[in-house]
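Survey of secondary and tertiary structure
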Amino acid sequence: MTKRAGFVALIGEPNAGKSTLTNHLVGAKVSIVTHKVQTTRARIRGVALEGDSQIVLVDTPGLFKPRRRLDRAMVAAAWGGAADADVIVLLIEAHRGVTKGVEKILDHLPEVARKRPVALAINKIDKVSSDVLLGLTQDMNERFPFVETFMISAEKGYGVADLKTWLAGMMPESPWLYPEDQIADLPMRMIAAEMTREKLTLRLHQELPYQLTVETEHWEERPDGSARVDQIVYVARDGHKGIVLGKKGETIKAVSQAARAELEEFLGRKIHLFLQVKVRPNWLEESERYSEMGLDFKDGNA
């Protein structure tokens, strides 16, 4: 049988469900999923297998109006991921329809897509009636020549198998790009940092601004098969440090336990996780922080 392999860029507004769809297609959690917008920073590549095809998913940051350097770098990464892909999938939310953000993406899409096939995936279909869905499908296809339209629920899995089968058939003939058992091309240090950042985001809800990042400073393999992982949580202000630590250190302890449990499940072995919180007022302007997130510091220039 002929092997196929290629890249698929999932693009859309923040919180459209791109990370959830990536995880569902891959069959494992490789992308950070929270109720907050703009949680995906690096272009996380999940690797999905379907028959003789290997589908490499570029889960791009959500496209939104950038205000800060980090925002601009994230948006540049998103469009860069689309420009490098073999197939682009635009994900929109059924109940929100054609928002101003979707209109802006549609304006920019012809320039990036050029001759690449672009599919439309309407997500969260369980939130609207069939009449609304049909109207939205017609409206979107009048605005852009999508090669296919899929109606899905990334969270519940409806329609995802059909999308995966179609993507597999769209991949160019090629040897597989990754080993069969590899599900992401991020270094394990970065996946571990993303897991901790997700737990912080979920735990702190509205209390915590977006000005924090997590880096894996040290990873030590131990003779018994376990690993010691040391991570630093960088925050911009002293007040933020107190929020992250929590009363008597309760918050950071709970975050550490939750992140360790998920990392152990992901790796199938014992992990000793140690977290430190450090104040770095200007971390959003430090190129090293961007490299750790898989972003280009220069892309953040105004």
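A quick note: this is a predicted structure, and the numbers were derived from the prediction, not measured. (Residues numbered from 1 in each chain as written. Predicted model: local features only at pLDDT ≥ 70, side-chain atom pairs only at ≥ 80, totals over all residues. Heavy atoms only, no water.)

What follows deals with the sheet that holds strand β7 (residues 212-221). In a beta sheet, neighbouring strands are held together by backbone hydrogen bonds and run either parallel or antiparallel to one another. Reading across from one edge, β7-β8-β9 is the order of the three strands in this open sheet, with mixed pairing throughout. Edge strands, defined here as strands with exactly one partner in the open sheet, are β7 and β9 (271-279). Pairwise comparison of adjacent strand axes, ignoring direction, gives a mean angle of 20° for this sheet. Two strands pair when backbone bridges link them, and strand β8 (residues 227-235) and β9 are joined in this way by nine bridges, in the parallel orientation. When the bridges of β9 are listed, I232 appears paired with Q276. Along the sheet, helix α6 (residues 188-204) contacts β7, β8 and β9; its crossing angle with β7, the most-contacted strand, is approximately 135°. (Pairing = 2+ DSSP bridges. Helix = DSSP H or I, 4+ residues; strand = E, 2+ residues; numbered from the N terminus. Axes fitted to C-alpha atoms, helices over the stretch in contact; angles between N-to-C directions. Contact = heavy atoms within 4.5 Å.)

Under the defined criterion, the tally for this structure stands at two aromatic pairs. A ring pair is formed by F144 and F146, whose centres lie 5.0 Å apart and whose planes are at 55°; its orientation type is tilted. The pair F144 / F146 is uniform in exposure class, with both members buried. Aromatic side chains F150 and W166 sit 5.5 Å apart centroid to centroid with 55° between the ring planes, which places their arrangement in the tilted category. Residue F150 is located in strand β6 (residues 148-151), and its partner W166 is located in helix α5 (residues 160-170); the two are separated by 16 residues in the primary sequence. F150 sits in the buried class, given a relative accessible area of 9%. Exposure remark for W166: the relative accessible area of 15% places this residue in the buried category. (Phe/Tyr/Trp six-rings, centres within 6.5 Å; stacked < 30°, edge-to-face > 60°. Buried < 20%, exposed > 50% of the residue type's maximum accessible area, 1.4 Å probe, protein only.)

Evaluation of the coordinates by the stated rule reveals twelve salt bridges. A salt bridge links E103 to R143; its shortest N-O distance comes to 3.6 Å. Taken together, the residues span a long stretch of sequence, with E103 in helix α3 (residues 100-113) and R143 in helix α4 (residues 130-143) at a distance of 40 residues. Given the relative accessible area of 33%, E103 is considered partly exposed. For the salt bridge of K156 with D126, the shortest nitrogen-to-oxygen distance reads 3.0 Å. (Salt bridge = Lys/Arg side-chain N within 4 Å of Asp/Glu carboxyl O.)

Here the focus is the confidence of the model for the chain. Taken as a whole, the chain shows an average pLDDT of 81; of its residues, 75% reach a score of 70 or greater. Taken element by element, the predicted model of the chain shows its lowest mean pLDDT in helix α2 (residues 69-83) (57) and its highest in β6 (97). Every residue in residues 32-42 scores below 50 in pLDDT, and together they form 57 contacts with partners more than four places removed in sequence or on other chains. (pLDDT = per-residue confidence, 0-100.)

This part covers the environment of A5. Its location among the elements puts A5 in strand β1 (residues 4-12). Residues A5 and V47 lie 42 residues apart in sequence; the distance between their C-alpha atoms is 10.0 Å. Those residues within four positions of A5 in sequence are excluded, and the remaining contacts are Q54, M171, P172, S174, P175, W176 and L177.

Once that is clear, we can look at the nonpolar core. Counting 23 residues, the largest nonpolar core has V8, L21, I55, L57, V89, W166 and L167 as its most contacted members. Elements that contribute at least two residues to this core include exactly β1, α1 (18-26), β3 (53-59), β4 (87-93), β5 (118-123) and α5. A per-element tally of this core places α5 first, with five residues. The contact partners of V89, leaving out residues within four places of it in the chain, are V8, A9, L10, I11, A119, A121 and L167. (Core = buried A, V, L, I, M, F, W, Y, C linked by side-chain atoms within 4.5 Å.)

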